[in-house]
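Observations on the model geometry
Residues per chain are reported as follows:
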Amino acid sequence: MLRCFVMPELPEVETVRRGLAKTIVGKTIAGFTCDTKKMMNRPLSFYQKTLKGLKVLALDRRAKMIIIRLSKEWNILVHLKMTGQLVYCGDHQSVVGGHPIKEGFEKDPNRFTHATFTFTDKSHLFFNDVRKFGWLRLFRGDELIKVLDHDLGPEPLEENYTLELFQNALKRRPNNRIKQFLMDNKNVVGIGNIYSDEICYFARVRPDRRVKALKESEIKLLFKGIKHILAEAIKYEGTSISDYVNAMGEAGAYTKKLRVYGRYDEKCFKCGGVVKRLKIGGRTSSFCPRCQK
Ligand SMILES: [Zn+2]
């Protein structure tokens, strides 16, 4: 079987966040190491001096990034990118979030461990990454606000993400294909290849439709689909494609719920017709030509 990596989307990152929140909140950092310079935005010695003695207050998420909120207004911003993984190892438990690494995965730390937080109770949080595209950046609160708002659109699951906001963003991108629009972080964050296909199927709209050609009723259904599909995927702890796992090291159950993503040449669940695929902006998109107009 071909092994390909996909970028985790909002539901997968949210699942990792929830799992880790149960384990590391309240712990105090005793030490930190990292062997990969490009994963950090400041020198290692600065990380070590700053982090020592800080307490983990909360875990948040913005787009596809996890924010580890620390005492004294410091924050670690984590991006798992294509192959990143956060693994918590305590006395009796090991919690994994992100992409599992098969080779040498039995033990943590392993040869893919590039950063380690050690807590005062001797438990650890490991950052493993086969390809080393992921990162852990250290920011003060005021810096973090700037970083998080820079070029990032609204969070789709927040209450203040309204139909009106969605409509206004659509007006700014009339010539986009709807799939492209949904996948652009500037319009709305956290939606990638998987969930853009699922949202279009939910709304019965072809993914290659131009934004300006969408009817009012279709726009309403797309908006409803964004909220519904993402919330549903979080409920099922995300989608496991190429062995992505949730924070407990289990495969995300949403894989079985996917209605159209990756199902090209298979039968549509709704109409029994054949699911087709096409390329949009270099990405493969699956859709049902009978159900989606
Ligand atoms: Zn169909």
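Residues numbered from 1 in each chain as written. Predicted model: local features only at pLDDT ≥ 70, side-chain atom pairs only at ≥ 80, totals over all residues. Heavy atoms only, no water.

Topologically, Arg259 is positioned in the loop between helix H7 (216-235) and strand E10 (276-280). Residue classification places Arg259 among the partly exposed positions, given a relative accessible area of 26%. Placed 57 residues apart in sequence, Arg259 and Phe202 show a C-alpha to C-alpha distance of 8.7 Å. Sequence-distant contacts of Arg259, defined by excluding residues within four places in its chain, comprise Glu198, Tyr201, Ile229, Glu232, Tyr254 and Phe269. A polar atom in the side chain of Arg259 sits 3.3 Å from the side chain of Tyr254. (Helix = DSSP H or I, 4+ residues; strand = E, 2+ residues; numbered from the N terminus. Buried < 20%, exposed > 50% of the residue type's maximum accessible area, 1.4 Å probe, protein only. Contact = heavy atoms within 4.5 Å. Polar contact = N/O pair within 3.5 Å; in protein donor to acceptor, adjacent residues only side chain to side chain.)

Bringing the pattern of salt bridges into the picture now. According to the stated counting rule, one finds 13 salt bridges in the structure shown. Where Glu14 meets Arg18, a salt bridge forms, and the shortest distance between an N and an O atom there is 2.8 Å. Linking Glu14 with Arg18, this pair stays in helix H1 (residues 10-24), spanning four residues, or about one helical turn. Of the charged contacts in the structure, one is a salt bridge between Arg61 and Glu155, with a shortest N-O distance of 3.0 Å. With Arg61 in strand E2 (residues 56-62) and Glu155 in the loop between helix H3 (141-149) and helix H4 (163-172), this residue pair connects regions lying 94 residues apart in the sequence. Comparing Arg61 with Glu155, the two get one shared label, buried. When salt bridges that share partners are traced, they join Glu14, Arg17, Arg18, Arg61, Arg62 and Glu155 into one network. (Salt bridge = Lys/Arg side-chain N within 4 Å of Asp/Glu carboxyl O.)

Here we take up the coordination of the zinc ion. For the zinc ion, the full set of protein donor atoms is Cys268 (SG), Cys271 (SG), Cys288 (SG) and Cys291 (SG), at a range of 2.2 to 2.4 Å. One can describe the site at the zinc ion as tetrahedral: its four donor atoms subtend angles covering 100 to 115° at the metal. Spacing between the donor residues of the zinc ion along the chain follows C-x2-C-x16-C-x2-C. (Donors = N, O, S within 2.8 Å, 3.2 Å for Na, K, Ca; no water. Tetrahedral: all angles 85-135°; square planar, octahedral: opposite > 155°, others 65-115°.)

Turning next to the confidence of the model for the protein. Taken residue by residue, the protein gives an average pLDDT of 90. The fraction at 70 or more is 89%. The low-confidence segment residues 1-5 (pLDDT under 50) makes nine contacts with residues lying over four places distant or belonging to another chain. (pLDDT = per-residue confidence, 0-100.)

Notably, Lys72 is not glycine yet its phi reads approximately 55°, a positive angle. Mapped onto the fold, Lys72 is located in the loop between strand E3 (65-70) and strand E4 (74-79). One non-glycine residue, Glu73, lies in the positive phi region at around 65°. Mapped onto the secondary structure, Glu73 falls in the loop between E3 and E4. The exposure class assigned to Glu73 is exposed, which follows from its relative accessible area of 54%.

All right, on to the sheet that holds strand E9 (residues 135-140) then. Strand pairing within a sheet occurs via backbone hydrogen bonds; the two strands may be parallel or antiparallel. Spatially, four strands are ordered E2-E3-E4-E9 in an open sheet, and the strand pairing comes out antiparallel. The sheet is open, and its two edges are formed by E2 and E9, each paired on a single side. Along the sheet, successive strands turn relative to each other by an average axial angle of 20°, direction set aside. Across six bridges, E4 lies against E9 in antiparallel orientation. Across the sheet, residue His79 finds its bridge partner in E9, namely Trp135. Sheet strands touched by H1: E2 and E3. Its angle to E2, the strand with the most contacts, is close to 175°. (Pairing = 2+ DSSP bridges. Axes fitted to C-alpha atoms, helices over the stretch in contact; angles between N-to-C directions.)

This paragraph deals with the nonpolar core. Soluble globular proteins: nonpolar side chains tend toward being buried together. Ranked by size, the top nonpolar core spans 40 residues in total, and within it Leu51, Ile68 and Ile76 carry the most contacts. Looking at which element gives the most residues to this core, the answer is E3, with five residues. Ignoring any residue separated from it by four or fewer positions in sequence, one finds Leu51 in contact with Ile29, Phe32, Leu70, Ile76, Phe117 and Leu138. Core analysis: the next-biggest nonpolar cluster, separate from the first, contains 27 residues, Leu170, Phe181, Val211 and Leu222 among them. (Core = buried A, V, L, I, M, F, W, Y, C linked by side-chain atoms within 4.5 Å.)

Moving on to the packing of helix H6 (residues 193-202) against H7. Running from N to C, H6 and H7 point in directions that differ by 130°, and their axes come no closer than 8 Å. On the basis of their axis angle, the class for H6 and H7 is oblique. Between H6 and H7 the crossing geometry is right-handed. The segment H6 lies against H7, with Tyr195, Glu198, Ile199, Cys200 and Phe202 engaging Leu221, Leu222, Lys224, Gly225, Ile226, His228, Ile229, Leu230 and Ala233. Looking at the contact of H6 with H7 residue by residue, the classes come out as 10 nonpolar, two polar and two charged. (Parallel < 35°, antiparallel > 145°, perpendicular 65-115°, else oblique. Left-handed = near helix turned anticlockwise from the far one by under 90°. Nonpolar A, V, L, I, M, F, W, Y, C, P; charged D, E, K, R; others polar.)

What follows covers the environment of Leu54. Along the chain, Leu54 falls in the loop between helix H2 (44-51) and E2. Along the sequence, Leu54 and Glu73 sit 19 residues apart, while their C-alpha atoms lie 9.6 Å from each other. The residues contacting Leu54, other than those within four sequence positions of it, are Lys27, Thr28, Ile29, Leu70, Ser71, Lys72 and Trp74.

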